[in-house]
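Each chain is listed here by its residues.
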Amino acid sequence: MKRIGVLTSGGDAPGMNAAIRAVVRKAIYHNIEIYGVIGGYAGLISGNIQKLELGSVGDIIHRGGTFLYSARCEEFKTREGQEKGIEQLKKFGIEGLVVIGGDGSYMGAKALTEHGFPCVGVPGTIDNDIPGTEFTIGFDTALNTVIDAIDKIRDTASSHERTFVVEVMGRNAGDIALWAGLAGGAETILIPEDPYDMRDIASRLKKGHARGKKHSIIIVAEGVMNGYEFGKRLKKETDFDTRVTVLGHVQRGGSPTAFDRVLASRLGAKAVELLMDGSGGRAVGIERNRLVDYDIIEALAKKHTVDLNLYKLSKELSI
Ligand code: ADP
């Protein structure tokens, strides 16, 4: 392979820049030319493609977001859209593509692969909801942002003897809620993977209150319900002074943690290696700290599961 491309697609995540940097530097290290597609699949269709040099990725390893921009593109879900994309890739002489994004972006990579164009998917999303990897690029950074917020909320919660409900992101996965709840010492964690029992939550809160607990923090994953709605229901059940914080998009920004930068560097480089070996249609990931790769179609067919042992532990530690 003499020339490859890279794009970021779907929701952005901290560490995407570090992944692009790894793809670019690894390719150039092996004398492969590298082109960046600007604005995800929309940029692919319109031919918004630029050659990248070593210097193009200087000074970005510590920056959140993605300097190649990301976009959502309905047209790319159609056969015509995909064919237009392949035409552009051919026009630029690009022989393989690294797609950094979530499972929607993987679907695009899968479609290109089915058209005979080799693609490798790199998992980039804060939600940690991509099958075929234990961790996605951006999850650790989002987690640390949430922890920072929970610690601050804890200060004010204890001063006023209040119950705080914190809604966190994660789409249909409870990973951010679970890990942040465990690391932040939350009393209750609500994840979409396990139905909640409002009476049980209320009774635990009341028991804690009776033994002198000054405050409680409840983490609600966005996949369970809106934080404000949950706050209303809780107030009805307990009559405790309840405040709600919806963290929202702050979770998507910020400088990536060391963990995310290292993960992004390893996964980005691995994606280039696979293309060099002529292996298209793969998705890279990490399992037990080892790099792995799966057929992208097989990876998409698997289901992401939240760590139920960790969930059990969070319940045991928040009695
Ligand atoms: P994410 O990658 O974060 O899951 P999306 O689900 O929005 O984000 O997907 C990003 C983009 O991937 C979409 O806007 C679209 O261009 C492309 N995509 C999603 N699903 C498909 C599909 N079934 N076929 C082809 N392209 C798709």
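Heads up: the structure comes first, above all this text.
A quick note: this is a predicted structure, and the numbers were derived from the prediction, not measured.

Trainee: I keep staring at the site of the ligand and nothing clicks. Help me out?
Mentor: Taken together, 16 residues sit near the ligand, with Arg72, Cys73, Gly102, Gly104 and Ser105 positioned nearest. Contacts to the ligand include Arg72, whose side-chain N or O atom sits 2.4 Å from an oxygen atom. Between the ligand and Gly102, the relevant distance is 3.0 Å, taken from an oxygen atom to a main-chain nitrogen or oxygen of the residue. Protein coverage of the free-state accessible area of the ligand, which is 560 Å², stands at 85%. Mapping the ligand onto the cavity grids shows that it belongs to the largest pocket. Element by element, the count of residues in the shell around the ligand is highest for helix H4 (residues 103–114), at five residues.

Trainee: What am I meant to see in the environment of Thr78 here?
Mentor: Looking at the element boundaries, Thr78 is found in the loop between strand S3 (49–52) and helix H3 (79–91). Here the alpha-carbon distance between Thr78 and Gly108, two residues 30 residues apart in the chain, equals 9.8 Å. A polar side-chain atom of Thr78 sits 3.1 Å from the main-chain amide nitrogen of Gly81.

Trainee: Please clarify how the sheet that holds strand S7 (residues 188–190) should be interpreted in this entry.
Mentor: Strand pairs in the sheet, formed through backbone hydrogen bonds, run parallel or antiparallel to each other. One open sheet holds the four strands; their spatial order is S7-S8-S6-S9, and the pairing between them is parallel. Among the strands making up the open sheet, the edge pair consists of S7 and strand S9 (242–246). On average, each strand axis in the sheet is inclined to that of its neighbour by 15°, with strand direction left out of account. Here six bridges tie strand S6 (residues 163–168) to strand S8 (residues 216–221), and the two strands are oriented parallel to one another. Within the sheet, the bridge partner assigned to Thr163 lies in S8 and is Ser216. Contacts from helix H6 (residues 175–183) reach S6, S7 and S8, with the element oriented near 170° to S7.

Trainee: Is there a simple way to think about helix H1 (residues 16–29) in this case?
Mentor: An α-helical segment advances 3.6 residues per turn. Residues three or four places apart therefore align on the same side. Look at H1: 20 Å from first C-alpha to last across 14 residues, which is about the 20 Å you get at 1.5 Å a residue. Restricting attention to buried positions, one finds in H1 the residues Met16, Asn17, Ala18, Ala19, Ile20, Ala22, Val23, Val24, Lys26 and Ala27. Contacts made by the buried residues of H1 are with strand S1 (3–8), strand S2 (33–37), S3, strand S4 (96–101) and helix H9 (258–276). Of the residues trailing H1, Asn31 is marked for its positive phi of about 60°.

Trainee: Looking at this model, I keep getting lost on the packing of helix H7 (residues 198–210) against helix H8 (residues 227–238). Mind explaining?
Mentor: Relative orientation and spacing of two packed helices are given, respectively, by the angle between their axes and the distance between those axes. At a minimum axis distance of 10 Å, the contact between H7 and H8 shows a crossing angle of 60°. The handedness of the crossing between H7 and H8 is right-handed. Across the interface between the two elements, Met198, Arg199, Ile201, Ala202, Leu205 and Lys206 of H7 pack against Phe230, Arg233, Leu234, Glu237 and Thr238 of H8.

The rules behind each value
- Residues numbered from 1 in each chain as written.
- Predicted model: local features only at pLDDT ≥ 70, side-chain atom pairs only at ≥ 80, totals over all residues.
- Heavy atoms only, no water.
- Near = heavy atom within 4 Å.
- Polar contact = N/O pair within 3.5 Å; in protein donor to acceptor, adjacent residues only side chain to side chain.
- Areas by Shrake-Rupley, 256 points an atom, 1.4 Å probe, with all protein chains shown as cover.
- 1 Å grid on protein atoms, 1.4 Å probe; cavity = no way out; pocket = protein on both sides within 12 Å on 5 of 7 lines; lining within 4 Å.
- Sits in = over half its atoms within 2 Å of the grid points.
- Helix = DSSP H or I, 4+ residues; strand = E, 2+ residues; numbered from the N terminus.
- Pairing = 2+ DSSP bridges.
- Axes fitted to C-alpha atoms, helices over the stretch in contact; angles between N-to-C directions.
- Contact = heavy atoms within 4.5 Å.
- Expected span 1.5 Å × (residues − 1).
- Buried < 20%, exposed > 50% of the residue type's maximum accessible area, 1.4 Å probe, protein only.
- Left-handed = near helix turned anticlockwise from the far one by under 90°.

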